[in-house]
Every structure is written in structure tokens, then in C-alpha cells.
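Descriptive analysis of the structure
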Amino acid sequence: MKRNIISLIAFFLLSAVAYGAKPVSGVVMDDKGELLIGANVYWAGTSTGVATDIDGAFSLPTVGSTNQLVTSYMGYHNDTTRVHGGEQLTIVLVSDLVLDEVTITERKMAVLRSRTAAFDTQTLTGDELCKAACCNLSESFETSASVDVAYADAATGAKQIRLLGLSGTYVQLLTENTPNVRGLAQSFGMEYIPGAWMEAIQVSKGTSSVVNGYEAIAGQINVEFLKPQKQDPIAVNLYLNTELMAEINATGGWDINDKVSTGILLNAKDMELEMDHNHDGFTDLPRNRNLNLLNRWYIKSGDYTGQVLVRALYDQRLGGTLSTIRDRELGIRNYYYSIDLRTRRIDGFVKNGYVFDQETGMSIGVIASASYHSQTNRYGSRLWDANQTNAYLNAIFQTSFEDSEADPFDLHEHKLSAGISVNYDRYDEQYKGIFAASQEQGTKNQDFLSNEVTSGMFAEYTYSYKDKVTLLVGLREDYSNRYGFFTTPRMNLRYAPFEWWTLRGSVGLGYRSPNAIADNAAYLPSNRVYTMEKSLKQERSFNTGITTTFYIPIGKRELTLSAEYYYTRFLDGVIADIDQDLHGVRLFNISDVAGAKSYSHNYQVEANMEILRGWTMTAAFRYTDVKQSTFLPTGELVLMDKALQNQFKAVLTTSYQTPLKTWQFDLTAQFNGPGRMPMGFTAPEGSKQYYEKTITSPSPSVGGVGGGPESPIYHKWYPQLLGQITKYWRTCSLYLGAENMTNFTQDSPIRGDRYENSTHVNPKSPDFDASMVWAPISGWKIYLGFRWNLERKE
């Protein structure tokens, strides 16, 4: 009770802040009404300025030395506006030169990093997403060093991401700032967001805003869909690759009248070709059919803004043993192993916002969303049928305050956000053949029903001084019917001692509710048996980080250098131990095992620059140290490198765009570091992709296993190369690309006994396991795509 009272007092103290300045805010667009992302807005003769966000919007404090606001954007004439006090502006920029309907432009940066925001956030714009095939969200980070994307297993085609060395379950995935990819959706949820639907992606590392909830542990990824009021009336994207995977995207946005707009996004995908490049008798990727449809409405009337979005999808994946040999392989009937995954999902949201005062930004917004996710999954004899119903409500009040009415150029800015939220989750799961017989009561199908309701309130205060300091302090107090009260404090600080140097720091807590099967679905296509000694507890983590960024002028261009460090430690969490038993997955809570630990250190450096006109280059290196307590086959608890976790990643990307933007050439090289294999793993006969690492630490509880037969096996580092060539015309483009041009593939990604005189894996063998994937399972892939759009007329 005492802790709750303190939290309430802190909440009301934050809400009582009553300071602030009248900032100058507005939007920047071109002469066709297209909002410009990344335009520079600054006070003439000063270094005080900002870049517009993904909505073309900006807000910056006034200065006492001038009232002339300059707006610049590559390929457009600069604009100078005289500003009188805090006011809402609409700034229109005109193209530099139009010649035969071809605009001569400078190259825009495809990845934007805010110089004034408190969060360490990168925005991947549409230009960045077009550098590769980017069929869906999971493929959008091929050119990024911050986010890892890899197959979760060698049988289902599911992909997983990692941020700060932690799996995607610890990353809060949002669409339009609304929680979306979570719970049952996390296995394939990123693939349900087509690349052609995305306007931009925002990636925030470490602690993020408490406004969006408490679940961000490693960070937050937010996807912005195409907006009806800005979409082209018709746009089509066609795609085909050498695996005969065909995809079509059709989008369109139309104005019903001057207040109402609507848009439709359609995605259809089909892949029917069975492939077995490694000759193990299993399809490398499942046959896949997917249909995804979204409709969105946008209403703008005076100070009121409303949005309604509804989406429905169906996804089917059929894999396992090749259909051509299921009934004839060596005359063995039990060779048949089928993977049949079917998902039906409908989700949507309603957003309502009203601005009471344009000068102070006083407004209220209410977001209500709901989803229903149903899946029927078969992995051989295993069954996992599950439904999840989710409802979410978030009501937010925002305003800013002024220090003094007498000073129109006050340099202090104060903002406040406060509100309440409610989240409801209902899981209805039926499973068979997954857990140990003692926990499944024999072969009977087991039903598991779980309901969780979490309600809370939050407040977030932001203080800014000139363009030097930004301080953001947030606090949440939530109550869960399963876990009781819990408090989420977070703080982010930005300090720019000079125009060319910015420092950021963050610290805070994060929480999430675990799901035994959904969080560990990668082990389902195997004969590993799940065991869970006690009920899983709420996961709690502490995260802190620091980032430094240098903006170094070189001639008329700028070199951006950044370095960062993040530390995450689980105060309590669930460890999936795959080391003690090669045929099992042991789930246990950190707090239930004396001495158990789980933490990660993440270091990254990055440099990017436009070398010459139209030629950009980015180089980055990340080192990740993830440690986790695990049990040896002897039953001894040790602290080791987390299994199947790459220790480093280096990325070098280069892109060249011709002056008239008629051609674009993109090339990305990845260097993926080594990682530990689970204990008991034996390298395939004749493989040179592994090595044994002898750990000399005298204390197993500190360094791991010391020498002997228990020395862990690590896979080696490996390179990857991908590239794309794009030819542009006024309303269409043709792109040709290739992935995994180094043709590197993992040797025998599916473990298990082979049939006599055959390379095919026996799925009935105790060692059958498709979860030990750390590298590509198929080689070269070439793709061809075509984009066409009917330009929007204002």
C-alpha cells in the first residue's frame, strides 16, 4: 500500500507541472501537397533547428535573436518565413528545376535520426525500404546493423528478430502506435505486414515512452501504414523470385470529400514450389498462401481528427517431408511428417482526437483497438490450436505550458502527457504431444484458458531548453489480475553541448506476460519435450543505455558518427533451457533457481555519409554479449553464452542514384559472427562450419564449463551479400535483385538420424530437431519486381 501511495503522489506531481513555452510548429510540404520528411527547419543565423518527422511536422522553441524561420530541403528552393509568437505554420516548398517533367533533385537520406528527440530513434523511410525486396516487415532490416532477422527454424519459414541481443518477444511491435504483433501473432506477425503497405518504420532502442505501455524491454518498433489522405489513387507492386514465390500488392487512397478520405491495401501471396536444396527430405520452406486486406478511413473536420481501420487475413503454410517421397521412401510408412499451419485474423482500431488549443497543443486522444487471432497448427503428431482475443483502450491528454506571457521568445518548453489504459487478453489453447506426459496427462488433448486484464494510468513530462537539453520522465502504475500492482518508471535525457555533438541516455523498467508455447514455438518442429516445473511469472527487466552522435561537416556534406552501449538485466524472467537435455526444453523462472541470471551487453558504432552527389554509404559494427544461466547434462547450473546467438554483426551498405533518378544501385554486405550451439550438439560429419571452444574459467558458475568433453561447440562467422538495381520512370519502376549472393548455407540444418543409404532425416528419431538454425538454409535467390502508381492530383 505504501508503494502504491508513493506512485500515486509521483503521478500527480508529474501531472501538476505547469511550465512551458509557445513553440513554433507546423508542417512542410511540396507544391503538390506531398508532406516532406526530413526537411530542415531552423532560425536564421542560429544553430537552433529540427528536421520534420514522418508526417512532415515540426516543432521548435523560439529564440530571442530573430523571428525569421528558414526551411530547406534538397531539390527545393529555401523558404524564409517571418514568425510572430507561437503559431501553426504550413510551409510550401517549390522544386528547384523542372525539365521535361523530370525534377532535378539531390539525394534524400533514407534513414533519419532526430537531433532533438529524447529517444534514440531511427526512422526508415520508403526510400530505405525500396533498397531491397522488402516483401514484409521481417525483411525490412536487411540493411540495418541494429536489428537481426533470421529464420526461427528450418521447417516452418517463421522469422524472428533480435534487438540488443534479445529475441523479438522482448521488442514492443506497434502499428500506428497501437500494440499489434504480440501473443500468438509473434511467430508470423511480422510477415503479416507487407512492405508495400508501409510508409515508414521507427526503431527505438532501450526504454521508450510509457504512453504506449510497459512492454518495451529491448526497445520499440512502430510501423506507419500508408495514409488515405496522401496515398496515390492506384498503386501496384508485383514480385516474383526464383523460388516461384509470387506476390501482388494493390493500394489506393481517395478523397470522398474535403473532410473524409479512405484507403484500401491488398496483399496476396502464393508459393507452391517444394524445394530441398540440402537433400534432407524436408521442404526448405513451406508452401504458402496468404491473403491480407485492409480498409482505412480518415476524417478531418476543424479541430477533430478521426480514423477507423479494419484488417482481415488468412495464412496457410504446408511443409514437412516432400510430398513426392512421403509414400514411397524406403517403403517406411512412418516417414510421413506434415506441417500444417493455418491462421485467421481480424483486427482494427478507432482513433479520435480533438485539439482544444492550437497554441499550447492542448488535446485529447482516445485509441480503441481489438483483434481476434485463430490458428490451427500441426507439427507431425503434435497439435497446437489456439485463439487469442485482445481489446485495448488508451486515452491520452496532452498539453504544453508557458513560463512567461511577457516573453514571446521564451527558450524553455514544457510538455505533459497523461492518461489511462486498459488491456484485455484471453487465450484459449488446446495442445497435444508438446509437454511431458506427466504434464499432459497422457495423450489426451489439454485445454488451457487464460484471461488477463491490465489497467493503468501514466504521466510523462518533457522539458526542452533551446536545442541543447531535452529531458523526458515517465511513470506508469498498472494492475494485472494475474500479477497484481507493478510500477514502470522511465527516463530519457538528451544533451547537445555543441551543434555537432549529441549525447543521449536512458534508464527504466519493462514488463511482459510470458506464454509457454507461443514464446518458444521454434522448438515445435522437433521431438524436444517441453517441461515446466512451476507457473511462469511476469518477466521484469532493467535497461539502461547511452548514445553519442557526432555530425562532422566535410565540405558541403556531413559525416554522421554514432556509438552506443545498452545493458539489459532480467530481474525475473523465463529461461528456455535447451542445454540440459538435447531432447527437451526446460522452462523455469529466474527467481525460482538460486544463482540464475540473464543479461546482455550491446555495443555498436556506425558511420554514414553522402560521399558524392547521389552516392551514400553506411558502415556499422555491433558486438553483443548475451549471458544466460543454463543447466548442463550433469544438472550443474552454469552461466554461458546464450545458445544460437551471434556475437557480432558488421554491415556495409552503399547506394548510388543517378542525378535524374533514372537508375539506382544498392549493395549490402553482412558479416555475421559466431555463436554457441546447445550442449550435446555434434557437428555434421565433414562439416567445417564449427569449432570447439575451450573455456578456462576455474568457476563454472562464472565462466561456463572448463575444458573436457563438455566444452561447447560454436558455429563460425559467415558473410552474406545482397544487391538490387532499379530503373525509374515517372510513374513506374522495375527492380531486379539477388539475396545471399555468397551462396552460404548451413550444413544439415535439420538434425536427426538418417535412413540407411539415404541423406533423408527420419522424423521419428529421438534426435529429430529443426530448431538449431543459425544461417540461411537455401542459397542464391533472384527476384524481379515492378511498381506502378497513378499520381495523386490535388
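Because the structure is predicted, anything quoted here is derived from the model rather than measured.

Reading the values: the criteria
- Residues numbered from 1 in each chain as written.
- Predicted model: local features only at pLDDT ≥ 70, side-chain atom pairs only at ≥ 80, totals over all residues.
- Heavy atoms only, no water.
- Helix = DSSP H or I, 4+ residues; strand = E, 2+ residues; numbered from the N terminus.
- Contact = heavy atoms within 4.5 Å.
- Areas by Shrake-Rupley, 256 points an atom, 1.4 Å probe, with all protein chains shown as cover.
- Salt bridge = Lys/Arg side-chain N within 4 Å of Asp/Glu carboxyl O.
- Buried < 20%, exposed > 50% of the residue type's maximum accessible area, 1.4 Å probe, protein only.
- Pairing = 2+ DSSP bridges.
- Axes fitted to C-alpha atoms, helices over the stretch in contact; angles between N-to-C directions.
- Polar contact = N/O pair within 3.5 Å; in protein donor to acceptor, adjacent residues only side chain to side chain.
- Patch = residues over 30% accessible without salt bridge, like charges linked within 9 Å, V, L, I, M, F, W, Y side chains within 5 Å.
- pLDDT = per-residue confidence, 0-100.
- Phe/Tyr/Trp six-rings, centres within 6.5 Å; stacked < 30°, edge-to-face > 60°.
- Core = buried A, V, L, I, M, F, W, Y, C linked by side-chain atoms within 4.5 Å.

**Examining the overall build of the protein**
Looking only at helices and strands, one finds four helices and 47 strands in the protein. Considering only contacts within the protein whose residues lie at least 6 apart along the sequence, 67% involve residues at least 24 apart. Total accessible area computed for the protein in this model is approximately 32300 Å², and 58% of it derives from carbon and sulfur atoms.

**So, the pattern of salt bridges**
If you walk through the whole model with that rule in mind, you get 36 salt bridges. Two residues, lysine 415 and glutamate 413, come together in a salt bridge whose shortest N-O distance is 3.4 Å. Linking arginine 586 and glutamate 533 is a salt bridge whose minimum nitrogen-to-oxygen distance equals 2.8 Å. Residue arginine 586 is located in strand E36 (residues 584-589), and its partner glutamate 533 is located in the loop between strand E32 (529-532) and strand E33 (539-554); the two are separated by 53 residues in the primary sequence. Exposure remark for arginine 586: the relative accessible area of 16% places this residue in the buried category. When salt bridges with common partners are traced through the structure, they connect Glu176, Glu199, Glu224, Lys227, Lys230 and Arg296 into a single cluster.

**Re the sheet that holds strand E4 (residues 57-60)**
Spatially, the three strands line up as an open sheet ordered E4-E1-E7, and their pairing is mixed. Looking at the sheet topology across the chains shown, the edges are occupied by E4 and strand E7 (88-93). Neighbouring strand axes in the sheet, compared pairwise and without regard to direction, differ in orientation by 25° on average. Of the strand pairs in this sheet, strand E1 (residues 24-30) and E4 are connected by four bridges, and their pairing is antiparallel. Across the sheet, residue valine 24 finds its bridge partner in E4, namely leucine 60.

**A look at the pairing of strand E16 (residues 178-181)**
Looking at chain direction, strand E15 (residues 171-175) and E16 are connected through three bridges and run antiparallel. Its bridge partner lying in E16, threonine 175 is registered against threonine 178. In this antiparallel pair of consecutive strands, E15 and E16, the connection spans two residues, and glutamate 176 shows a positive phi of 55°.

**What to know about the pairing of strand E47 (residues 781-790)**
Alignment of strand E19 (residues 234-241) against E47, held across eight bridges, turns out to be antiparallel. Bridging from a neighbouring strand, leucine 240 pairs with leucine 784 of E47. In this structure, strand E46 (residues 732-739) lies alongside E47, joined through eight bridges in antiparallel fashion. Of the residues in E47, the one forming a bridge with tyrosine 735 is glycine 785.

**Things to note about the sheet that holds E36**
A sheet is described by the order of its strands in space; here three strands give the open sequence E32-E36-E35, paired in mixed fashion. Of all the strands in the sheet, the pair left with one neighbour each is E32 and strand E35 (574-577). Pairs of neighbouring strands in the sheet enclose a mean axial angle of 20°, with direction left out of account. Pairing between E32 and E36: four bridges, direction parallel. Across the sheet, threonine 531 pairs through a bridge with arginine 586, a residue of E36.

**So, the side chain of glutamate 477**
One can find glutamate 477 in strand E29 (residues 469-480). Among the polar contacts made by the side chain of glutamate 477, one reaches the side chain of threonine 487 at a distance of 2.5 Å.

**Observations regarding a nonpolar patch on the surface**
Residues Ile234, Leu238, Ile248, Trp729, Leu734, Leu736, Trp780, Ile782, Leu784, Phe786, Trp788 and Leu790 make up a contiguous nonpolar surface patch of roughly 1100 Å² in combined accessible area. Contributions of two or more residues to the nonpolar patch are made by E19, E46 and E47. Here the nonpolar patch gets five residues from one element, more than from any other, and that element is E47. Structurally, the position occupied by leucine 784 is in strand E47.

**Overview of the confidence of the model for the protein**
Taken residue by residue, the protein gives an average pLDDT of 86. The fraction at 70 or more is 87%. With pLDDT under 50 throughout, residues 96-107 is counted as low confidence; its partners more than four residues away or in other chains account for 28 contacts. A low-confidence stretch, residues 697-709 (pLDDT under 50), is modelled with 22 contacts involving residues beyond four sequence positions or located in other chains.

**Focus on unusual backbone geometry**
Positive phi is not limited to glycine here, since asparagine 177 has a value of about 60°. Classification of asparagine 177 as partly exposed rests on a relative accessible area of 29%. Of note, the phi angle at leucine 644 is positive, near 60°, even though the residue is not glycine. Secondary-structure assignment places leucine 644 in the loop between strand E39 (637-641) and strand E40 (648-657).

**Description of the side chain of asparagine 136**
When you line up the elements, asparagine 136 lands in the loop between helix H2 (126-129) and strand E12 (147-151). Reaching out from asparagine 136, the side chain makes a polar contact with the side chain of serine 138 at a distance of 2.4 Å. Residues contacting asparagine 136, with those up to four places away along its chain left out, are Met190, Glu191, Ile193, Pro194, Gly195 and Met198.

**As for the packing of aromatic side chains**
Summed over the entire model, instances satisfying the criterion amount to 31 aromatic pairs. A ring pair is formed by tyrosine 690 and tryptophan 774, whose centres lie 5.7 Å apart and whose planes are at 80°; its orientation type is edge-to-face. On the criterion of sequence distance, the pair formed by tyrosine 690 in strand E43 (residues 690-692) and tryptophan 774 in the loop between E46 and E47 is long-range, its members being 84 residues apart. As far as the burial class goes, tyrosine 690 and tryptophan 774 line up, both buried. A centroid spacing of 5.9 Å and a plane angle of 25° characterise the contact between tyrosine 691 and tyrosine 714, whose relative ring orientation is stacked. Of this pair, tyrosine 691 sits in strand E43 while tyrosine 714 is found in strand E44 (residues 713-715), placing the two residues 23 residues apart along the sequence. Tyrosine 691 sits in the partly exposed class, given a relative accessible area of 31%. Residue tyrosine 714 is classed as buried on the basis of its relative accessible area of 1%.

**Thoughts on the nonpolar core**
Grouped together as the largest cluster of nonpolar side chains are 61 residues, with contacts concentrated most on Trp384, Ile434, Leu524 and Met677. Mapped by element, the contributors of at least two residues to this core are strand E24 (338-357), strand E26 (382-401), strand E27 (412-432), E35 and E36. Apart from the residues within four sequence positions on either side, leucine 524 is in contact with Tyr337, Tyr379, Arg382, Trp384, Ile434, Ile517 and Tyr530. Counting 37 residues, the second largest nonpolar core, distinct from the first, contains Leu129, Met198, Ile221 and Phe570.

**Some points on the environment of phenylalanine 58**
By the element assignment, phenylalanine 58 lies in strand E4. As for phenylalanine 58 and serine 25, which are separated by 33 residues in sequence, their C-alpha atoms are 5.4 Å apart. Setting aside chain neighbours within four positions, we find phenylalanine 58 in contact with Val24, Ser25, Gly26, Val27, Val28, Val41, Val50, Thr52, Leu69, Leu89 and Ile91.

**A look at the environment of serine 187**
Structurally, serine 187 is set in the loop between E16 and strand E17 (198-205). Take serine 187: its relative accessible area is 19%, and that puts it in the buried class. Serine 187 sits 31 residues away from threonine 156 along the chain, and the two C-alpha atoms are 9.8 Å apart. Not counting residues up to four positions away in its chain, the partners in contact with serine 187 are Ala158, Lys159, Ala518 and Ala521.

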